[in-house]
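For reference, the chains in residue letters:
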Amino acid sequence: MKAHLGATILGTLMAIGATTSAAAAPAGGATTAQDAPALELTVVHRYGFDLRLGQDVISLRWLAPNILRVHFLPDAHSGPRTEVLQDDAPFGLYQPHTRDDTGVLVQSSPAMRVSWHAERLEIASASGQRLLTLDDLRALAAGEAQLAVGADAPLYGIGGYSAFDTSDAGLLRTGTWMAKAGAQGHAGAPWVWSTAGWGVLFDTLGARFRMRHGQIRVDGFSRPDIDAFVIVGRPDALFAGLRRLSGAAPMFPKWAMGFTNSQWGIDEQQLLDIVATYRARHIPIDNFTLDFDWKAWGEDDYGEFRWNTAKFPDGPSGKLKATLDREGLHLTGIMKPRIHVDTVEGRYASAHDFWFPGEKPAPDYFSHKPVEDLDFDQPAVRAWFFNPVLQHSFETGIRGWWNDEADTTPDDTQFMNMQRALYDGQRAHFPERVWSINRDFYLGAQRYAYGLWSGDIATGFASMAAQRERMLSAIDVGAMRWGMDGGGFHGHPTPENYARWIEFGAFTPIFRVHGDHDEHRQPWVYGTVAEAAATRAMRLRYALIPYIYSCEWGLHRTGVGLVRPLTFAFPDDPQVRNDISAWMFGDSLLVSPVVEPGQTVKRIYLPAGTWTDWFSGKAYAGGRTIELPIDAATWSDIPLFIRQGAIIPTQPAMDYVGQKPLTTVTVDVFPATARSTFDYYDDAGDSYAYEHGAYYLQPLSAQQHGDGVEIDLGAATGSFRPALRTYLFRVHDLAAARVVRDGHALTRVGDLQSLEHATGEGWATGHDRYGAVTWLKLDATQPQRLALLRAP
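Residues numbered from 1 in each chain as written. Predicted model: local features only at pLDDT ≥ 70, side-chain atom pairs only at ≥ 80, totals over all residues. Heavy atoms only, no water.

Participant: Would you mind showing me how to read the packing of aromatic side chains here?
Facilitator: The description of two aromatic rings rests on the distance between their centres and on the angle between their planes. According to the stated counting rule, one finds 53 aromatic pairs in the structure shown. Each ring, one from Tyr 302 and one from Phe 305, has its centre 5.8 Å from the other, and the planes form 45°; the classification is tilted. Side by side, Tyr 302 and Phe 305 carry an identical accessibility label, which is buried. Taken together, a centroid distance of 5.3 Å and an interplanar angle of 75° make the contact between Phe 305 and Phe 385 edge-to-face. Note that Phe 305 is positioned in the loop between strand S19 (287-290) and helix H3 (319-326) and Phe 385 in helix H5 (residues 379-385), a separation of 80 residues in sequence. (Phe/Tyr/Trp six-rings, centres within 6.5 Å; stacked < 30°, edge-to-face > 60°. Buried < 20%, exposed > 50% of the residue type's maximum accessible area, 1.4 Å probe, protein only. Helix = DSSP H or I, 4+ residues; strand = E, 2+ residues; numbered from the N terminus.)

In structure tokens, the structure reads:
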């Protein structure tokens, strides 16, 4: 909605410095920065201030203590937002402290200081450290934003890599980069940020960023009213601000935390045989994704949206779904952005002008019949796409969406809006949570239960290794849910490559495998050694489901997902600025998968702190590179390290998520002198009731003191009541002599086995692979604080 700026000024106006009336301003906006008139400060009010540039206005508004909006308004008018920002959601306003410091306008908060003087806008930390400046705001009138930052400030974001791009730049950004959705696994956002403590988001569909020697120039905006948002803070604060502006990611279903097998070339009986083999071998799986095979592709009367009864005779009746429900398995299916022209649905699309502009019908590579892409930017197309035929397919078993090939147009929002059609449609008709994977990403898509996969990659170790920077650079632009075709799409992996790829995939947000037509990616296809290594990694993933699902909640609430580049946790460490070889898996785990064939020793940089090898229990001092022996014979090891201060909830490995009620959660604690807290989260896992408070959220805290360790179970919030009754804490590096709660000693039992079989609470001591350990069996439903004391 367009509105004159004068109607938006709030609060008491304070004249600071020179003021200029609109009548005295030069007529007409400037077309170049050099020709533009001088900037003049016109008004200052409780939420920011305004600058006038001829007939144009630059509005500066505080949205939060660490977020400043800088909005260039040609002729003092605003245009509509793009899909980058939440639809018409109010941003809110924040009132900073304002002062006139000897002719310099200064506004400040506990997080940020903004100064205006001599046509220069400076953004600093609360302590006064300069973060960035906008040296010539007049350039906005010429369609360019000019930023000056520290010459040594590492830059991130903007864009990632397609499946076929060279990725030698890793995570750092310099030179010229385009913000775009791209194709084949590319992720983009008009968002540049730095571990120096700042980020800038532009509301635009597409932009060019030119970065050199501490100067950033941005142009190619889709909006004439350039709209920028400056956020300051550490990476978690930057991405929380990004979430606030662009919108939260709704939670995936809990089953999506598990393993997905995708396959092209399959029928109903083959599917049932594969699922039965997974279950017989106790290899966990939750989702099977079907390619073209599931649908009546090429047939008239909505064949793109309905079951292929030749291959899946029990699909339309729901009988296949009922069979798979008993096995704890979900089916998801491929969707395409195109439909066949000479069909009932095609003629309907023609009559309603649904086709993508400028395209002509062309033969489909699979059906060989004429097809054309739909234009998903049209609301009418999106409303029609989740039609009654597709609704029936959902009801009878296709419970999620693998959206493919909507990246063949130059439109940054085609893929986003294709999934938006499915998200809005499913939410309008069904209570189940939405799941999707898609082949490109542009910021804003996360609002529609949007996952990204890295495109049609090749098999082999080199291709596998190159997925690391693709994942981490995608996360750097806000695509927090990322996955890949485990094993590679093109080609057939060696047994070693497959095993190592599964181990890699187990520590990504979306854990899946896929291959080209008639390629099979089940573990037993690759021999007994590969199967054993893969199965071990998959069971570890499933043991970590309570930890992973709590991180899924964290993504929804904070904007930071399960996987984080090391820069998120260690922004001040120059050694991790472009480190793609390792990443954080949640707050507590660092993983560095093996991506070289026959490797016997792997060099791994561990940041500051103490790190413990998950498998061997060996502790390492951080701030240095270690050499870790690698098993080149059985491929069964994963370089996985536990951060000091970690609190990690786990469960017994299951064949699928929710196979058994989770009445006891094991919690491994590696206490540090600084207090650490993990927010344990659970809910029903399949609906959006969590949006209305139906969840279970409980803070678990630990801190090491000179005389022992303190453990806190906070009060749970939310209306959901899980099956959980007991926590079994394993407090490492401590053999307590006493455990005290509320001044009273907790009952001690002889050993772990006795404790597990005891009917009530208690504790015991012993040893495990990490050394001395104190076990605590506690009532999970009661808030409590315990002191584990070393002295009797």
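Participant: What exactly am I supposed to notice about empty space enclosed by the protein here?
Facilitator: Empty space left among the atoms is revealed by rolling a probe the size of a water molecule over them. For the coordinates displayed, the defined rule picks out three cavities of 30 Å³ or more. In this model, the largest cavity occupies a volume close to 180 Å³. Residue lining of the largest cavity: 17 residues in total, with Gln 446, Gly 478, Met 480, Leu 555 and Gly 559 positioned closest to the centre. In terms of residues, the lining of the largest cavity owes the most to one element, helix H1 (residues 235-246), which gives four residues. Partitioning the lining of the largest cavity into residue classes produces 10 nonpolar, five polar and two charged. (1 Å grid on protein atoms, 1.4 Å probe; cavity = no way out; pocket = protein on both sides within 12 Å on 5 of 7 lines; lining within 4 Å. Points joined across faces, edges and corners; volume = space filled by probe spheres on them. Nonpolar A, V, L, I, M, F, W, Y, C, P; charged D, E, K, R; others polar.)

Participant: What is the right way to look at helix H7 (residues 414-429) in this model?
Facilitator: Helical geometry note: an α-helix holds 3.6 residues per turn, so side chains three or four residues apart project in the same direction. For H7, built from 16 residues, the straight-helix expectation of 22 Å at 1.5 Å per residue is met to within 8% by its first-to-last C-alpha distance of 23 Å. Within H7, 12 of the 16 residues are buried, which leaves it mostly tucked inside the rest of the structure. (Expected span 1.5 Å × (residues − 1).)

Participant: For this particular structure, what's the right way to read the sheet that holds strand S47 (residues 771-779)?
Facilitator: Think of a sheet as strands paired side by side through backbone hydrogen bonds, with each pair either parallel or antiparallel. Spatial ordering of the open sheet is given by S38-S39-S43-S47-S46, a layout of five strands whose pairing is mixed. Since the sheet does not close on itself, it has two edges, and those belong to strand S38 (647-650) and strand S46 (762-768), each with one partner. For this sheet, the mean inter-axis angle between neighbouring strands, taken without regard to orientation, is 20°. (Pairing = 2+ DSSP bridges. Axes fitted to C-alpha atoms, helices over the stretch in contact; angles between N-to-C directions.)

Participant: For this particular structure, what's the right way to read the packing of H1 against helix H11 (residues 545-558)?
Facilitator: Axis separation between H1 and H11 bottoms out at 8 Å; the angle between their running directions is 65°. Comparing their axes, H11 and H1 come out roughly perpendicular. Across the interface between the two elements, Phe 239, Ala 240 and Arg 243 from H1 touch His 556, Arg 557 and Thr 558 from H11. (Parallel < 35°, antiparallel > 145°, perpendicular 65-115°, else oblique. Contact = heavy atoms within 4.5 Å.)

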